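# Residue-level structure breakdown
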Amino acid sequence: MTEFNEARRELVRMLINEGVLRSSKVIRAMLKVPREEFVLPRYRDYAYSDMPLPIGYGQTISAPHMVALMTEELDPGEGDKVLEIGTGSGYQAAVLAEIVSDRGHVWSIERIPGLAEFARENLKRTSYIGRVTVIVGDGTLGYSSYAPYDRIIVTAAAPDIPRALIDQLRVGGKLVIPVGDRYLQRLVTVVKEPGGKVRRKVGIPCVFVPLIGRYGYDEC
Ligand code: SAM
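Residues numbered from 1 in each chain as written. Predicted model: local features only at pLDDT ≥ 70, side-chain atom pairs only at ≥ 80, totals over all residues. Heavy atoms only, no water.

For the protein, the helix and strand inventory stands at 6 helices and 9 strands. At 16 Å, the protein has a C-alpha radius of gyration in line with the 17 Å of a compact globule built from 220 residues. Each principal axis of the C-alpha distribution contributes one length, and for the protein these read about 50 × 40 × 35 Å. The buried share of the protein, reckoned over its 220 residues, is 54%. Positive and negative side-chain charges in the protein, numbering 29 and 27 respectively, have mean positions lying 4 Å apart. (Helix = DSSP H or I, 4+ residues; strand = E, 2+ residues; numbered from the N terminus. Rg over C-alpha atoms; globule rule 2.2 N^0.38 Å. Buried < 20%, exposed > 50% of the residue type's maximum accessible area, 1.4 Å probe, protein only. Lys, Arg positive; Asp, Glu negative; His and termini not counted. Charge placed at Lys NZ, Arg CZ, Asp CG, Glu CD.)

So this is what it looks like as structure tokens:
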């Protein structure tokens, strides 16, 4: 445990020095959430290496610098309602849950039932399950039940921004999503303006597993 705490602090120090981690709320969240509880047991020793790791079903838990960067860009706040597409291990959802606190909530959609179960177990063990609802489904359709959301984050590569996600974002809300082909994308940030118009900012190149679904890529 102590060994993981020290490794976590060291990784956060590195991400601060690199300029990836900037805000106290994201720094605090990444210092708090135990990434070792979200990786497969055989990869625990690599939990604080700054790289994606396999979580089964051909999917990955994103690298810590990508989680840090996307969370900084998303800029969630205490009390926010957040929608995540691509639960995977549940780690990103836990970081968001730490920030929104008991006053907010995270809804996270995962298309692979076995991964949704893996994430729920991880979130239970780390006591974030009360703030995170994991849903099995196609996240390219969003999740209209609790819309509009203050923030929406997509952690898989989309060919374009699914319309439903823009519709389910509140005015003034923010969406962060990797957009591109199956092999290389750019991180796109969308802000919804009054009247429903959207402002897009195209950011850094990145590599994510594909978003598979009705408004994503086909399964191959
Ligand atoms: N956020 C995750 C974490 O913290 O571990 C990492 C996400 S992983 C890079 C991408 C995830 O998106 C995979 O688990 C994949 O099954 C899921 N996914 C792909 N297409 C999806 C869709 N249409 N709806 C929901 N989840 C999807």
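This brings us to a nonpolar patch on the surface. A contiguous nonpolar patch, built from Tyr183, Leu184 and Val207 and spanning about 380 Å² of accessible area, is present on the exposed surface. Residue position: Leu184 is located in the loop between β7 (169-180) and β8 (185-192). A residue is classified by how much of its surface remains accessible, and Leu184, at 49% relative accessible area, is partly exposed. (Patch = residues over 30% accessible without salt bridge, like charges linked within 9 Å, V, L, I, M, F, W, Y side chains within 5 Å. Areas by Shrake-Rupley, 256 points an atom, 1.4 Å probe, with all protein chains shown as cover. Salt bridge = Lys/Arg side-chain N within 4 Å of Asp/Glu carboxyl O.)

What follows deals with the side chain of Glu73. Looking at the secondary structure, you find Glu73 in helix α3 (residues 64-74). At a separation of 2.7 Å, a polar atom in the side chain of Glu73 contacts the side chain of Thr189. The contact partners of Glu73, leaving out residues within four places of it in the chain, are Lys174, Val176, Thr189 and Lys201. (Polar contact = N/O pair within 3.5 Å; in protein donor to acceptor, adjacent residues only side chain to side chain. Contact = heavy atoms within 4.5 Å.)

This part covers helix α1 (residues 2-17). The end-to-end C-alpha distance of α1, which contains 16 residues, comes to 23 Å, matching closely the 22 Å that a straight helix rising 1.5 Å per residue would cover. The complete set of buried residues in α1 reads Phe4, Arg8, Leu11, Val12 and Leu15. Taken end-on, α1 shows its buried residues confined to a sector of 100°, consistent with a single buried face. Facing away from the buried side of α1, by more than 90 degrees, are the exposed residues Thr2, Glu3 and Asn17. On its buried face, α1 is in contact with α2 (24-32) and α3. Remark: Gly19 follows α1 within two positions and exhibits a positive phi of approximately 85°. (Expected span 1.5 Å × (residues − 1). Arc of directions from axis to C-beta.)

Glancing now at α3. Most of α3 sits out of view: 9 of its 11 residues are buried. Listed as buried for α3 are Pro64, Met66, Val67, Ala68, Met70, Thr71, Glu72, Glu73 and Leu74.

Of all residues adjacent to the ligand, which total 27 residues, the nearest are Gly86, Ser89, Glu110, Gly139 and Ile212. A distance of 3.0 Å is found between a nitrogen atom of the ligand and a backbone nitrogen or oxygen belonging to Gly86. Contact with the protein chains covers 99% of the free accessible surface of the ligand, which is 600 Å². Looking at the shell around the ligand, the elements with two or more residues in it are β2 (59-61), β3 (81-85), α4 (91-100) and β4 (105-110). Residue contributions to the shell around the ligand peak at 3 residues, all from β2. (Near = heavy atom within 4 Å.)

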